[in-house]
Amino acid sequence: MSSSGGNEIERIHIRGLWVRFGSVEAVRGIDISAYAGRATALLGRNGAGKSTTMRVLAGVIPPTEGEVVVDGVDVRHDPLTVKRSTGFCPDVGGLVPRATPWEHLQLAARLRRMQGWELRAQDLLERFDLGAAAHRVTGGFSHGMGRRLSVVLAAFHEPSVLLLDEPFDGVDPLGVEATQRVISDAKDRGAAVLVSTHLRDLAMEACEDALVLRGGSAVAALGSEDLVGEDGARAYRALLD
Ligand SMILES: Nc1ncnc2c1ncn2[C@@H]1O[C@H](COP(=O)(O)OP(=O)(O)OP(=O)(O)O)[C@@H](O)[C@H]1O
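In this text, all values refer to a predicted model and were calculated from it rather than measured experimentally.

Rules used throughout
Residues numbered from 1 in each chain as written. Predicted model: local features only at pLDDT ≥ 70, side-chain atom pairs only at ≥ 80, totals over all residues. Helix = DSSP H or I, 4+ residues; strand = E, 2+ residues; numbered from the N terminus. Rg over C-alpha atoms; globule rule 2.2 N^0.38 Å. Buried ≥ 20, exposed ≤ 12 C-beta atoms within 10 Å, placed from the backbone. Contact = placed C-beta atoms within 7 Å. Near = placed C-beta within 6 Å. Nonpolar A, V, L, I, M, F, W, Y, C, P; charged D, E, K, R; others polar. Pairing = 2+ DSSP bridges. Right-handed = clockwise from strand over helix to strand, strands pointing away. UniProt positions renumbered as here; feature names shortened; annotations may be inferred. Core = buried A, V, L, I, M, F, W, Y, C linked by C-beta atoms within 7 Å. Axes fitted to C-alpha atoms, helices over the stretch in contact; angles between N-to-C directions. Arc of directions from axis to C-beta.

Enquirer: Before we go on, may I ask you to explain the overall build of the protein in this structure?
Expert: Helices and strands together make up the secondary structure of the protein, namely eight helices and 11 strands. In summary, the protein has a C-alpha radius of gyration of 17 Å against a globular reference of 18 Å for 241 residues, a match within 12%. Dimensions of the protein, computed from the C-alpha atoms along their principal axes, are close to 45 × 45 × 40 Å. For the protein, the proportion of its 241 residues judged to be buried stands at 41%. Long-range pairs, those at least 24 residues apart, make up 67% of the contacts in the protein with a sequence separation of at least 6.

Below, the structure is given as structure tokens:
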């Protein structure tokens, strides 16, 4: 962990990140700083490099080049610690079709040696309206139910870095509200939150900062007030062209 010019704790520190898949340059030299108690929106068109950046931060794929430090740990040196300390809601997948939400939470608790996890698990499932489905296999879940469970799993162990990739996609208003509360609770306990989404208005409600990616590069770092409402929509559109 390092500190910004003020007294903020920098929980995500990316400098000169490049990710290549063969000849495809998914991420082309981006820098990101994200701080304790703040949420940052990662915006950009399809293929801009948002999910790839999230996966690197979660320790799922290695950076091709560049420095990526998550809560003081270099992902290149210790991806396992990074995996444990982050909470990651991937844009797709991540759920075991033959397991129930309760079994997912049980496994997550065992892997992290969490004590007294049951009450928190129950509370999160209720908040996300998944209480009645707690013992149903996820293979039969609707898209929105799967999204909501993925957010629950990411937030469950109260990580210091919460990474939510398209958490609002196909989620109903109650699920959106529960997700906004998870983001705000995470900020209150000092986590840094990164939210990748196409839903600019929802992102601006949850986030203080925004980073716009285009073709794997960062084209703007803004405060959320710059991207709100119709003026914000126009400003955002201009950044995408
Ligand atoms: N495993 C992979 N192998 C090859 N190319 C990949 C792989 N993952 C991502 N890419 C490519 O990298 C680029 C960035 O993809 P990425 O998924 O990061 O974009 P995104 O901004 O999350 O897009 P979306 O909004 O559609 O989810 C795209 O051109 C994509 O095809």
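Enquirer: For this particular structure, what's the right way to read the site of the ligand?
Expert: In the vicinity of the ligand, the contacting residues are Phe 21, Val 24, Ala 26, Gly 44, Asn 46, Gly 47, Ala 48, Gly 49, Lys 50, Ser 51, Thr 52 and Asp 91. Secondary structure elements with two or more residues in the shell around the ligand: strand S3 (24-35) and helix H1 (50-57). The leading source of residues in the shell around the ligand is H1, at three residues. Across the shell around the ligand, the residue classes tally to four nonpolar, six polar and two charged.

Enquirer: Could you clarify how one ought to interpret the pairing of strand S8 (residues 161-165) in this entry?
Expert: In terms of burial, S8 is a largely internal element, five of the five residues being buried. Because side chains alternate across S8, one face comprises the buried residues Val 161, Leu 163 and Asp 165, and the other comprises Leu 162 and Leu 164, equally buried. Where strand S7 (residues 86-89) lies against S8, four bridges are found, and the strand directions are parallel. Residue pairing across strands places Thr 86 opposite Val 161, the latter belonging to S8. Relative to strand S9 (residues 192-196), S8 is paired through five bridges, and the arrangement is parallel. Bridging from a neighbouring strand, Leu 164 pairs with Val 195 of S9. At this point the chain moves from S8, through helix H6 (residues 173-188), to the parallel S9, and the crossover so formed is right-handed.

Enquirer: Just checking my understanding: could you explain the UniProt feature "domain: ABC transporter" (unreviewed entry) in the protein for this structure?
Expert: The feature "domain: ABC transporter" (unreviewed entry), as given by UniProt, occupies residues 12-240 in the numbering adopted here. Helix and strand shares over residues 12-240 are 37% and 27% respectively, and the end C-alpha atoms of the span are 25 Å apart.

Enquirer: Is there a simple way to think about the nonpolar core in this case?
Expert: Within soluble globular proteins, side chains that are nonpolar generally end up buried alongside one another. Among the nonpolar cores identified, the biggest contains 67 residues, and Val 152, Leu 163 and Val 195 are the most heavily contacted of them. In terms of residue count, the dominant contributor to this core is helix H5 (residues 143-155) (seven residues). Not counting residues within four places of it along the chain, the set of residues in contact with Val 195 comprises Ala 39, Ala 41, Leu 42, Leu 164, Pro 167, Ile 183, Ala 203, Ala 206 and Cys 207.

Enquirer: Looking at this structure, I do not really get the sheet that holds S8. What am I missing?
Expert: Sheet strands pair via backbone hydrogen bonds, and the direction of the pair is either parallel or antiparallel. Taking strand neighbours across the sheet as the criterion, the six strands line up as S7-S8-S9-S4-S10-S11 in an open arrangement whose pairing is mixed. Strands with a single pairing partner mark the edges of an open sheet, and in this sheet they are S7 and strand S11 (217-223). For this sheet the average axis-to-axis angle between neighbouring strands, irrespective of direction, equals 15°. Sheet strands in contact with H6 are strand S4 (39-43), S8 and S9, and its direction is about 150° off that of S9.

Enquirer: When you look at helix H4 (residues 118-127) in this model, what are you seeing that I'm missing?
Expert: Every α-helix carries 3.6 residues per turn, so stepping three or four residues along brings you back to the same face. By the burial criterion, the buried members of H4 are Ala 121, Leu 124 and Leu 125. Seen end-on, H4 carries its buried residues on one side only, within an arc spanning 100°. Exposed side of H4, more than 90 degrees from the buried face: Leu 119 and Asp 123 are the residues found there. Summarising the contacts, the buried residues of H4 are in contact with helix H3 (101-111) and H5. Within two residues after H4, Asp 129 carries a phi angle of roughly 55°, on the positive side.

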